[in-house]
Amino acid sequence: MNKSAIRAFGIALFLVGALLALAARFDLNIGLPTKASTNTEHVEELQKKLEQANKEIALLKEQDKQAPKKNNQKTDTPETKAKDNHKPADTPTNATTMTLQIYSGMEPYTVAQKLEDGGVIENSVEMELLLANPKYARSLQIGSYEVNSSMPLEEIAKLITGKKQ
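Predicted model only: the values in this text are computed from it and were never measured. (Residues numbered from 1 in each chain as written. Predicted model: local features only at pLDDT ≥ 70, side-chain atom pairs only at ≥ 80, totals over all residues. Heavy atoms only, no water.)

Description of the environment of M151
To keep it simple, the criterion reads: The helix count covers DSSP runs of H or I at least four residues long, the strand count covers runs of E at least two residues long, and both are numbered beginning at the N terminus. Working rule for contacts: check all heavy atoms of both residues, and any pair within 4.5 Å makes them a contact.
Relative to the helices and strands, M151 is located in the loop between strand 2 (143–148) and helix 6 (153–161). Each C-alpha atom, one on M151 and one on I121, is 9.0 Å from the other, the two residues being 30 residues apart in sequence. Not counting residues within four places of it along the chain, the set of residues in contact with M151 comprises E146, I156 and L159.

Structural data, given as structure tokens:
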């Protein structure tokens, strides 16, 4: 091979590398295969997880109903004692309250996971699906919010997105 052919090949490699680097830097689609994930695929995946979680919950509830009556009698006694305590009427005795901090860039998944970890909601997938709804999507408001487990999911969503009640 002669010197000029090697030089031309080297220059071509440099230019292709520079072109690919610029395309990656500015998110240009230049025909390279990319992994495209759409919102609908994500929602469908979450709905499948929700259906599976609901089936598991139904199974656990069925197992709880089939439990011996002795276990039910033991759990009834503390509940009657708890009812005697004087609590405010707007907050049930078993309500879990927490302060939810929402920061810039938080995604609905993270918010729903924090609510589930705090014991405010039972299923983070339901809350994530609700926040993915076009009514609330991209509307999370930065701030600190007092939420409790007696609040319905819609009310929590309206509170943290700033939507009118």
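Examining a nonpolar patch on the surface
What counts here: Like-charged residues are merged into a patch within 9 Å and nonpolar side chains (Val, Leu, Ile, Met, Phe, Trp, Tyr) within 5 Å, provided each residue has over 30% relative accessible area and no salt bridge. Using a 1.4 Å probe, the Shrake-Rupley method yields the accessible areas, and only the shown protein chains count as cover for residues. By definition here, a salt bridge exists when the distance from a side-chain nitrogen of Lys or Arg to a carboxyl oxygen of Asp or Glu is within 4 Å.
Together, I11, F14 and L15 make up a nonpolar patch on the protein surface, roughly 350 Å² of accessible area in all. Residue position: L15 is located in helix 1 (residues 3–25).

Let's talk about the confidence of the model for the chain
Spelled out, the test is: A score between 0 and 100, pLDDT records how confident the predictor is in each residue.
Scored by pLDDT, the chain comes out at a mean of 78, with 76% of its residues at no less than 70. Of all the helices and strands in the chain, helix 3 (residues 69–84) carries the lowest mean pLDDT, 45, while strand 2 carries the highest, 91.

Some thoughts on helix 6
Let me state the cut-off plainly: The classification of residues rests on relative accessible area computed with a 1.4 Å probe and restricted to protein chains. Under 20% of the type maximum is buried, over 50% is exposed, and intermediate values are partly exposed.
Taken together, the buried positions of helix 6 are occupied by I156, A157, K158, I160 and T161. With its phi angle positive at about 75°, G162 sits one or two positions after the end of helix 6.

Details of the pairing of strand 1 (residues 97–102)
Our working definition: Strands are labelled as partners when DSSP assigns at least two bridges between them.
Burial of the side chains of strand 1 is restricted to one face: M98, L100 and I102 are buried, whereas none of T97, T99 and Q101 on the reverse face is. In this sheet, strand 2 lies alongside strand 1 in antiparallel orientation, the contact comprising six bridges. Counterpart to I102 in the pairing with strand 2 is G143.

Some remarks on the nonpolar core
To keep it simple, the criterion reads: Definition of nonpolar core: a set of buried residues of the types Ala, Val, Leu, Ile, Met, Phe, Trp, Tyr and Cys, connected through side-chain atoms within 4.5 Å.
Grouped together as the largest cluster of nonpolar side chains are 19 residues, with contacts concentrated most on L100, V111, L115, M127, V147, I156 and I160. Where this core is concerned, the elements lending two or more residues are strand 1, helix 4 (108–117), helix 5 (124–132), strand 2 and helix 6. With near-sequence residues (within four places) excluded, V111 lies in contact with L100, I102, M106, L131, L140 and I160.

Some details on the packing of helix 5 against helix 6
To be explicit about the condition: A fitted line through C-alpha atoms serves as each axis, taken over the contacting stretch for helices, and the angle formed by two N-to-C directions is quoted from 0 to 180°. In what follows, roughly perpendicular refers to angles from 65 to 115 degrees, roughly parallel to angles under 35, roughly antiparallel to angles over 145, and oblique to any angle outside these ranges. The hand of a helix crossing depends on one turn: near helix anticlockwise from the far one by less than a right angle means left-handed, and clockwise means right-handed. Ten residues, namely Ala, Val, Leu, Ile, Met, Phe, Trp, Tyr, Cys and Pro, are considered nonpolar, four, namely Asp, Glu, Lys and Arg, are considered charged, and the remaining ones, Gly among them, are considered polar.
The N-to-C vectors of helix 5 and helix 6 enclose an angle of 50°; their axes lie 10 Å apart at closest approach. What the angle tells us is that helix 5 and helix 6 run oblique. Crossing of helix 5 over helix 6 shows right-handed handedness. Taking contact as the criterion, the partners of E126, M127, L130 and L131 in helix 5 are, on helix 6, L153, E154, I156, A157, I160 and T161. Counted by class, the contact of helix 5 with helix 6 contains seven nonpolar, one polar and two charged residues.

Describing the side chain of N123
We count it as follows: Here a polar contact is taken to be a pair of N or O atoms separated by no more than 3.5 Å, where protein atoms must pair a possible hydrogen donor with a possible acceptor and residues adjacent in sequence count only if both atoms sit in side chains.
Along the polypeptide, N123 turns up in the loop between helix 4 and helix 5. Residue classification places N123 among the buried residues on the basis of a relative accessible area of 8%. A polar atom in the side chain of N123 sits 3.1 Å from the backbone nitrogen of V125. In contact with N123, not counting residues within four places along its chain, are L50, A53, N54 and E116.

Let's talk about the packing of helix 4 against helix 5
Between helix 4 and helix 5, the shortest axis-to-axis distance is 8 Å and the interhelical angle comes to 145°. Crossing handedness for the pair helix 4 and helix 5: right-handed. The segment helix 4 lies against helix 5, with P108, Y109, V111, A112, Q113, L115 and E116 engaging S124, M127, E128 and L131. For the contact of helix 4 with helix 5, the class distribution of residues is seven nonpolar, two polar and two charged.

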